[in-house]
Amino acid sequence: MVLMSQASPSHGIRTEILLCKSSVNNTSAFRPRISTITFPWDSSSKSSQKMHHVDAIGVKSKRGNQVIVAASPPTEDAVVATDPLTKEDLVGYLASGCKPKENWRIGTEHEKFGFELKTLKPMTYGQIADLLNAISERFDWEKIMEGDNIIGLKQGKQSISLEPGGQFELSGAPLETLHQTCAEVNSHLYQVKAVAEEMGIGFIGIGFQPKLERKDIPIMPKGRYEIMRNYMPKVGTLGLDMMFRTCTVQVNLDFSSEADMIRKFRAGLALQPIATALFANSPFTEGKPNGYLSMRSQIWTDTDNNRAGMLPFVFDDSFGFEQYVEYALDVPMYFVYRKHKYIDCAGLSFRDFLAGKLGPIPGEYPTLNDWENHLTTIFPEVRLKRYLEMRGADGGPWRRLCALPAFWVGILYDDVSLQKVLDMTADWTAEERLMLRNKVPVSGLKTPFRDGLLKHVAEEVVNFAKDGLERRGYKETGFLNEVAEVVRTGLTPAEKLLELYHGKWGQNVDPVFEELLY
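Residues numbered from 1 in each chain as written. Predicted model: local features only at pLDDT ≥ 70, side-chain atom pairs only at ≥ 80, totals over all residues. Heavy atoms only, no water.

Trainee: So, the nonpolar core: which residues are in play, and what are the values?
Mentor: It is characteristic of soluble globular proteins that their nonpolar side chains tend to be buried jointly. Within the largest apolar cluster, 113 residues are counted, with the highest numbers of intra-cluster contacts made by Phe168, Phe265, Leu278, Tyr324, Trp371, Phe407 and Trp408. Apart from residues no more than four positions distant in its own chain, tyrosine 324 is found in contact with Leu94, Phe265, Leu311, Phe313, Phe319, Leu375, Ile378, Pro380, Arg383 and Leu384. Judged by nonpolar contacts, the second largest core, of 22 residues, contains Tyr225, Ile227, Leu238 and Trp300. (Core = buried A, V, L, I, M, F, W, Y, C linked by side-chain atoms within 4.5 Å. Buried < 20%, exposed > 50% of the residue type's maximum accessible area, 1.4 Å probe, protein only. Contact = heavy atoms within 4.5 Å.)

Trainee: I'd like a rundown of the confidence of the model for the protein, residues and numbers included.
Mentor: Detailed reading of the predicted coordinates is not advisable wherever pLDDT is low. Across the protein, the average pLDDT comes to 88, with 84% of residues at or above 70. A low-confidence stretch, residues 1-19 stays under pLDDT 50, and its non-local contacts, those more than four residues away or across chains, total 97 contacts. Counted against residues more than four places away or in other chains, residues 21-79, with its pLDDT under 50, gives 154 contacts. (pLDDT = per-residue confidence, 0-100.)

Trainee: An account of the packing of helix H6 (residues 258-278) against helix H13 (residues 430-443) is needed here, citing residue identities and associated values.
Mentor: For the pair H6 and H13, interaxial distance at closest approach is 9 Å and the crossing angle is 15°. By the angle between their directions, the pair H6 and H13 is classed as roughly parallel. As for the relative orientation of H6 and H13, their crossing is left-handed in sense. Residues Ala270, Pro273, Thr276 and Ala277 of H6 form the contact with H13, whose participating residues are Arg433, Leu436, Arg437 and Val440. Among the residues making up the contact of H6 with H13, the classes are represented as 5 nonpolar, 1 polar and 2 charged. (Axes fitted to C-alpha atoms, helices over the stretch in contact; angles between N-to-C directions. Helix = DSSP H or I, 4+ residues; strand = E, 2+ residues; numbered from the N terminus. Parallel < 35°, antiparallel > 145°, perpendicular 65-115°, else oblique. Left-handed = near helix turned anticlockwise from the far one by under 90°. Nonpolar A, V, L, I, M, F, W, Y, C, P; charged D, E, K, R; others polar.)

Trainee: Before we move on, could you go through the packing of aromatic side chains and cite the residues and values that matter?
Mentor: Within a pair of aromatic rings, the relevant descriptors are the distance that separates the centres and the angle that separates the planes. Tallying each qualifying case throughout the model produces 19 aromatic pairs. Centre to centre, the rings of tryptophan 104 and tyrosine 413 are 4.8 Å apart; their planes meet at 35°, and the pair counts as tilted. Pair noted here: tryptophan 104 is in the loop between helix H1 (87-95) and strand S6 (106-116) and tyrosine 413 is in the loop between helix H11 (398-412) and helix H12 (415-425), with a separation of 309 residues, a long-range link. Residue tryptophan 104 is classed as buried on the basis of its relative accessible area of 7%. By relative accessible area, which is 4% here, tyrosine 413 ends up buried. An aromatic cluster is defined as three or more aromatic residues linked by ring pairs; in this entry it consists of Phe265, Phe313, Phe319, Tyr324 and Tyr327. For lysine 264, the ring lying beneath its charged end belongs to tryptophan 104, and the centroid distance is 3.4 Å. When the ring centre of tryptophan 300 is taken as reference, the NZ or CZ atom of arginine 391 above it lies at 5.7 Å. (Phe/Tyr/Trp six-rings, centres within 6.5 Å; stacked < 30°, edge-to-face > 60°. Lys NZ or Arg CZ within 6 Å of the ring centre and 35° of its normal.)

Trainee: Account for the pattern of salt bridges, naming residues and giving values.
Mentor: Per the counting criterion, the structure on display carries 30 salt bridges. Two residues, arginine 386 and glutamate 372, come together in a salt bridge whose shortest N-O distance is 3.7 Å. Here arginine 386 is found in the loop between strand S19 (382-384) and strand S20 (388-394), whereas its partner glutamate 372 is found in helix H10 (residues 368-375), with 14 residues between them in sequence. For the residue pair arginine 386 and glutamate 372, the accessibility class agrees, reading buried in each case. In this structure, the salt-bridge partner of glutamate 495 is lysine 446, at a minimum N-O distance of 2.8 Å. (Salt bridge = Lys/Arg side-chain N within 4 Å of Asp/Glu carboxyl O.)

In structure tokens:
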């Protein structure tokens, strides 16, 4: 879960002009500018020139049907703009992600729990601050501050951020191959371990905090999380568990056009329960089995259903960038960032904001920075920004951190495999997709589906992914070994942990911290 006021470092608008060939008003090129710019709307009249000042992200200007967008971390207030945004601008923002296939990249994000090796207690914020400062100094990362508190690090196109309960997240750079992705993961884990071990700190790769109660989890000093913490109990029973006790791994992938986005979005949603099963790794709560293979996935079923789920409208014939904007406009807001502070707008309407009628800041209009912030507070199983995020997997050990992007790249970045998945899932009903979403957290690959088990579908899909990786020509198929073993045996990672718990571990969950230690 990335709730930063920036695009994930995995993807930004590239320096070249990108043309998105879509049906959305022939949406045209998008080019970043980060400076103070004067744009002539009518070159024949000086009085018609308009000034746009950019402190961070979100400058826009219209030249005919061209829109110019800037993207960078919003360390300051976003934009002083003279023109209110229109829905067309919001649609154009999503379309600005389109890029030719040769520019497609892989952006991997993963979260992990830090804990004291001797006591198994979670890291305090003080320990986290010491860890971040030491990584910054030893490995040359730039510090990200909120007031006087260090809350993350940045180095090139990578960043390290803190989730609400101190979960440590790497948001990786946009990379060309899975070899580079896995090297990035290994480099990150080496750096973190080099400092953490000196502090007596370890990190575990698992989808849900296996031992501690929610009250025992430290709260991070980040303004947006305070707003969420107050709002979550109003809209679901498990939102605070999502914030404080879950970890995930996800991959962010590109699309070339609106049509390509639609195909990938549909394939991603249909297969997300399979990914959840293959990576299910959260069977313990407060020291005991919780009855689920993926407690992390189960938690999303009652976190906030206005902003989560399987998005059945993606399969409608009318779906495209505009329809996603309509959906996102109706997802209640969390906050607005102004003058270095988060203003609580929880439950309010972005549509009202678009009309200048947002109660806490009446008369103000949103910037593209506000829109990007809002998009990051939507949590469906697949999320659209200027790229697509595959969000259905539990956190896990490092080999699985490489396997998750391998699974999705093999399917979504290969035309043949993508088409096979679309053909396979074409007659799946919305009810069947929702059934899989709801049952997989409990039964994993043993979930009944039509005339067999989900395991049989997963075997075919993993073969599609393997074939797709082979056609890419980068010798990447080895990264699928982890999931190939899962489908071969039919046992999810969670089921293997449960076998250990009931056997070798003597019904004691503590050994999981060593079993899944990075």
